[in-house]
2 protein chains.
Amino acid sequence: MSKPSPRGASIDDGATEFATRDERKQRTRASLLDAALKLMAEGRSFTSLGLREITREAGVVPTSFYRHFRDMDELGLALVDEGGATLRQLLREARKDVAPVNDIIRRSVRSYLQFLKARQMHFMFIAGERSGGSPVIRSAIRNQVNLFVLEMSQDLRRLNFLPNLSTATLQLLCGLVVNTMLNAASDILDMPQDEPALEQALVDNFVRQLRMIFLGAMNWKEPAPKA
Amino acid sequence: MSKPSPRGASIDDGATEFATRDERKQRTRASLLDAALKLMAEGRSFTSLGLREITREAGVVPTSFYRHFRDMDELGLALVDEGGATLRQLLREARKDVAPVNDIIRRSVRSYLQFLKARQMHFMFIAGERSGGSPVIRSAIRNQVNLFVLEMSQDLRRLNFLPNLSTATLQLLCGLVVNTMLNAASDILDMPQDEPALEQALVDNFVRQLRMIFLGAMNWKEPAPKA
DNA sequence: CTTTTCAGTAAACATGTGTTCACCGTTTAG
DNA sequence: CTAAACGGTGAACACATGTTTACTGAAAAG
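Rules used in this analysis
Residues numbered from 1 in each chain as written. Chains lettered and ligands numbered in written order. Predicted model: local features only at pLDDT ≥ 70, side-chain atom pairs only at ≥ 80, totals over all residues. Heavy atoms only, no water. Salt bridge = Lys/Arg side-chain N within 4 Å of Asp/Glu carboxyl O. Buried < 20%, exposed > 50% of the residue type's maximum accessible area, 1.4 Å probe, protein only. Helix = DSSP H or I, 4+ residues; strand = E, 2+ residues; numbered from the N terminus. Least-squares fit on C-alpha atoms with pLDDT ≥ 70 in both. Contact = heavy atoms within 4.5 Å. Phe/Tyr/Trp six-rings, centres within 6.5 Å; stacked < 30°, edge-to-face > 60°. Near = heavy atom within 4 Å. Polar contact = N/O pair within 3.5 Å; in protein donor to acceptor, adjacent residues only side chain to side chain. Nonpolar A, V, L, I, M, F, W, Y, C, P; charged D, E, K, R; others polar. Buried area = accessible area lost by both parts, 1.4 Å probe.

1. Some words on the pattern of salt bridges
Counting across every chain of the model gives 24 salt bridges over all chains. Put simply, Glu74(A) and Arg70(A) hold a salt bridge, and the shortest N to O gap is 3.7 Å. Relative accessible area serves as the criterion here: at 32%, Glu74(A) is assigned to the partly exposed category. Across the pair Arg211(B) and Asp103(B) runs a salt bridge, and its minimum N-O distance is 4.0 Å. Taken together, the positions of Arg211(B) in helix H8 (residues 196-218) and Asp103(B) in the loop between helix H3 (72-94) and helix H4 (104-118) put the pair 108 residues apart, joining distant regions of the chain. When salt bridges with common partners are traced through the structure, they connect Arg95(A), Glu151(A), Asp155(A) and Arg158(A) into a single cluster.

Here is the structure:
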């Protein structure tokens, strides 16, 4: 009659039995974070999540929450950190596919989509709470995204991509690309996932948008610095 | 002499006194909508708003809510309608400033900013709930935004702006512009409003992003239709 | 082996929630 | 002028919420 919790990872993995105390703690911490993400994936905003709701979903008693986070904001910030880590990982992944200068965009989009599917919830969280919800986590997300933009522009510079553009302009370009990326993310993740035709349409549109942006960047003329 | 009101010190507005019943109803309906917007402006997402909270802010008793909306979703959809109307009004406004083909972008941005300030909350709502929160209002917003993109592209066509671009490409361009607009909106509205220097930086960045996009559009080559 | 530490538990609390119901007083329609 | 329609009211309901307090039992430290 054991009704296991509906979470994906089953509770006793076998490994659970022989885990050190600290490992166990990190484990329930992670399941709290996962619970929050899962609830958001079902169409709720972060600010609408309740503490009890999360602990219920995570399979612990409400009071356990306080062993890990002072309040909901702290949990939200932890989620932002995870999201930031995901973004950085995406960037690290992208650094490998630098070889063919030919059809970069289409290639990059392909690996981005792959990454997007693998971390659906993180992207949903970032894209969703970037402009809505609690000011504190909103600004934390903005920081992470700005950092991402910065790193990306540095990568482009290092690759000698559009070498005649100033650093500021490269950052402008990357900001535009990242906005487009995140918009596309929430568009794509919102789709019924059994409609490959519609998804393909969205992806094609995404690719064309990027092409247009890069076309603009390639034809950009740096203004002479004002006297 | 006015006859003494039985409820004692009631503030008559003059206007309130001589309103027809239906006008009064629309008035409290509007104050419910405004209350919701105001609460969101204080840094909450729509899904986190409570029915009682809204009626409290609006100055009516909770049960009155049901005289206007079946539930919170219905109120949310009403807000989306208002937001859509705002967008359409922005477009109508923009149709007037078509004369100088010279520095269109800077001019358009200026009037956009003016509009943005005047309807802060609507834009905050649209930009904030576009990717987060309840699926039903999210998709409603998406509809309104798509409609806006469509109308805008038709306007550009009518103005013979970039006449060598196909309709699909014009829509692509407008989608990109609208995304950039909405992102800029939430960036700008988030700022402490007594920092004109930072705001100017954001606006400049916004203008440059648009320039880059339009540059891309101007250099766009329509692909030959595939055999 | 003993003692301390500490993640998770159980019960209780004050307060907030959405929704229902019968009711009132004015506006509207006949 | 009378009767109906109707926007707004107040009390009540069953239940959910965040947080506190004291407790448990196993892992870690001595």
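2. Section: the relation of the copies chain B and chain A
Here chain B sits on chain A after a turn of 180 degrees about the axis and a move of 0.0 Å along it, with an RMSD of 0.0 Å. What the rotation and shift describe, once combined, is the action of a two-fold rotation axis. Residue by residue, 100% of the interface of chain B is reproduced at the interface of chain A, so both copies engage with the same surface.

3. Considering the packing of aromatic side chains
Residue and element names in this part refer to chain B. A full pass over the atoms with the stated rule returns 14 aromatic pairs over all chains. Judged by centre distance (5.7 Å) and plane angle (50 degrees), the ring pair of Phe-65 and Phe-69 falls under tilted. For the pair Phe-65 and Phe-69, a shared accessibility class is recorded, and that class is buried. With centroids separated by 5.8 Å and ring planes inclined at 90 degrees, the aromatic side chains of Phe-161 and Phe-214 adopt a geometry described as edge-to-face. Of this pair, Phe-161 sits in the loop between helix H6 (135-158) and helix H7 (167-190) while Phe-214 sits in helix H8, and the two are 53 residues apart along the sequence. Since its relative accessible area comes to 22%, Phe-161 is described here as partly exposed.

4. Observations concerning the protein's contact with DNA strand D
Taken together, 18 residues surround DNA strand D, and among them Thr20(A), Arg52(A), Arg56(A), Thr28(B) and Arg67(B) come closest. Across the atoms of DNA strand D situated within 4 Å of the protein, the share located in sugar and phosphate is 44%. Separating a phosphate oxygen of DNA strand D from a side-chain N or O atom of Thr28(B) is a distance of 2.9 Å. Contact between DNA strand D and Ser64(B): a phosphate oxygen at 3.4 Å from a side-chain N or O atom of the residue. Going through the elements one at a time, helix H2 (51-58) of chain A together with helix H1 (21-41) of chain B are the ones with two or more residues in the surface near DNA strand D. Looking at the surface near DNA strand D residue by residue, the class counts come to four nonpolar, seven polar and seven charged.

5. Comments concerning the interface of chain B and chain A
Counting residues at the interface gives 38 residues for chain B, matched by 38 residues for chain A. For the chain B and chain A pair, buried surface summed over both sides reaches about 3100 Å², with 60% attributable to carbon and sulfur atoms. Put simply, chain B and chain A have 13 residue pairs in polar contact (both at pLDDT 80 or more) between them. Where the side of chain B that touches chain A is concerned, the elements lending two or more residues are helix H5 (120-129), H6, H7 and H8 of chain B. Here the side of chain B that touches chain A takes 11 residues from H7(B), the largest share from any one element. Grouping the constituent residues of the side of chain B that touches chain A by class yields 11 nonpolar, 19 polar and eight charged.

6. Section: the protein's contact with DNA strand C
Among the 17 residues in the neighbourhood of DNA strand C, the closest are listed as Thr28(A), Arg67(A), Thr20(B), Arg52(B) and Arg56(B). Taken together, the sugar and phosphate atoms account for 49% of what DNA strand C places within 4 Å of the protein. Between Thr28(A) and DNA strand C, the recorded distance is 2.9 Å, taken from a side-chain N or O atom to a phosphate oxygen. Note that a phosphate oxygen of DNA strand C is positioned 2.6 Å from one of the side-chain N or O atoms of His68(A). Breaking the surface near DNA strand C down by element, the ones donating at least two residues are helix H1 (21-41) of chain A together with helix H2 (51-58) of chain B.

In short, shape yes, function no, at least from these values alone.
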